[in-house]
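Structural overview
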Amino acid sequence: MNSDQMKGKFKQLAGEIKRKWGQVTDDDLTQAQGSMEKLVGKIQERSGDQRESIERWLKSQSA
């Protein structure tokens, strides 16, 4: 497991915590941001790519 994969696991955890906090505070924006962070973390863990390149790719797909 390389460092980008480890960072991906951490990003998933941080995203899940943020998403849960958004649920507790009833903040839809925080929930959505947490879900996006978790997705980026999952892709990073599986592919070993850097977070920035994954985020760029996701943004280009939604445009």
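Residues numbered from 1 in each chain as written. Predicted model: local features only at pLDDT ≥ 70, side-chain atom pairs only at ≥ 80, totals over all residues. Heavy atoms only, no water.

A few points about the pattern of salt bridges
Tallying each qualifying case throughout the model produces six salt bridges. Between Glu 45 and Lys 9 there is a salt bridge, with its nearest N and O atoms 3.0 Å apart. Taken together, the residues Glu 45 in helix H2 (residues 28–47) and Lys 9 in helix H1 (residues 3–24) connect sequence positions 36 residues apart. Looking at Glu 45, the relative accessible area reads 16%, which means it is buried. Close ionic contact of Lys 18 with Glu 37 constitutes a salt bridge, the shortest N to O distance being 3.1 Å. Of this pair, Lys 18 sits in helix H1 while Glu 37 sits in helix H2, and the two are 19 residues apart along the sequence. Here the salt bridges do not stand alone but share partners, grouping Glu 16, Arg 19 and Lys 38 into one network. (Salt bridge = Lys/Arg side-chain N within 4 Å of Asp/Glu carboxyl O. Helix = DSSP H or I, 4+ residues; strand = E, 2+ residues; numbered from the N terminus. Buried < 20%, exposed > 50% of the residue type's maximum accessible area, 1.4 Å probe, protein only.)

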